Amino acid sequence: MKENSVMLARRVLFLLALAVALLPFVAQAQSKSPEAIVRENVNEFMEKINGREDYYSNNLDELKALVNDSLNDVADFRYIGASVMGSYFRNATPEQRSRFADVFRQTLIDTYTRGLVTFDYDELRVLTDQRGQRYEDQASVDMEVVANNGQVYPVSYSLRLSDGEWKVVNVIVNGINLGLTFRNQFDQSMRENNRDYDAVIRSWSPEIGVDELEQGGSA
């Protein structure tokens, strides 16, 4: 049971890592549909990782730097950070908002980098039957990750069109809305720390419950 939980945790880390790793490619072909961008670049990204898992396992700092550099111009962590802070964003100082965005970014990069080198998968597939866009500036792209044991993990990317560029702003893994999960964790931490922003930012460490992800959700 413990081994299964460890393997599931590794799979979850990989799914999260994939979400971040795709971000650098999203800005490369804005004339294409969000589905086409994700489909083409899932393949391109995995070609960079396949066969080099052992190397990156022993050179995590190099992989971390690669992910970090790639995100510089394309990931709007201030937008995502504001969403995670939720209603608390309004009363935070500009310095606290900026600091949380930086801390949030770094903790995710650290977690995702480790996930990239630990997951064993058989197939990544972007679904051919995609949902239609309800709004011109918002889109969703659905895909599946098939583990070696046959377990299928549905992943849905939420994209937002900003200044003419599609960017991933949220991910739903196995029905669990990660953005909402992180927001709830921030809220809980604020309550536990008597709404001390600085204490919450210092101790921020995003967590996804293994049991929660295994059971899935209905997001």
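Residues numbered from 1 in each chain as written. Predicted model: local features only at pLDDT ≥ 70, side-chain atom pairs only at ≥ 80, totals over all residues. Heavy atoms only, no water.

### Structural notes on the pattern of salt bridges
Any two side chains of opposite charge can pair, on the condition that their charged atoms come close. Summed over all chains, the structure comprises 5 salt bridges. Residue Asp 198 pairs with Arg 99 through a salt bridge whose shortest N-O separation is 2.6 Å. Linking Asp 198 in helix α8 (residues 197–202) with Arg 99 in helix α6 (residues 94–116), this pair joins segments that are 99 residues apart in sequence. Arg 191 is the partner of Asp 187 in a salt bridge, and the nearest nitrogen-oxygen pair spans 2.9 Å. Here Arg 191 and Asp 187 lie together in helix α7 (residues 178–192), a separation of 4 residues that amounts to about one turn. When salt bridges that share partners are traced, they join Glu 95, Arg 99 and Asp 198 into one network. (Salt bridge = Lys/Arg side-chain N within 4 Å of Asp/Glu carboxyl O. Helix = DSSP H or I, 4+ residues; strand = E, 2+ residues; numbered from the N terminus.)

### Digging into the environment of Ser 83
Within the element layout of this structure, Ser 83 appears in helix α5 (residues 77–85). Ser 83 gets classed as partly exposed once you look at its relative accessible area, which sits at 30%. Counting along the chain gives 99 residues from Ser 83 to Phe 182, while the straight-line C-alpha distance between them is 9.2 Å. (Buried < 20%, exposed > 50% of the residue type's maximum accessible area, 1.4 Å probe, protein only.)

### What about the side chain of Asp 142?
Here Asp 142 shows up in strand β2 (residues 138–147). Among the polar contacts listed, one links the side chain of Asp 142 to the side chain of Ser 156, at a separation of 2.8 Å. Not counting residues up to four positions away in its chain, the partners in contact with Asp 142 are Val 126, Leu 127, Gln 130, Arg 131, Val 155 and Ser 156. (Polar contact = N/O pair within 3.5 Å; in protein donor to acceptor, adjacent residues only side chain to side chain. Contact = heavy atoms within 4.5 Å.)

### A short note on the packing of aromatic side chains
Across all of its chains, the model carries 8 aromatic pairs by this definition. Look at Phe 104 and Phe 182: their rings are 5.7 Å apart centre to centre, the planes differ by 80°, and that puts the pair in the edge-to-face class. Remark: Phe 182 occurs in helix α7 and Phe 104 occurs in helix α6; sequence separation between them is 78 residues. Side by side, Phe 104 and Phe 182 carry an identical accessibility label, which is buried. Ring geometry for Phe 186 against Trp 204: centres 6.0 Å apart, planes inclined by 50°, an arrangement best described as tilted. Of this pair, Phe 186 sits in helix α7 while Trp 204 sits in the loop between α8 and α9 (210–215), and the two are 18 residues apart along the sequence. Judged by its relative accessible area of 1%, Phe 186 is buried. Here Trp 204 falls in the buried class, since its relative accessible area comes to 7%. (Phe/Tyr/Trp six-rings, centres within 6.5 Å; stacked < 30°, edge-to-face > 60°.)

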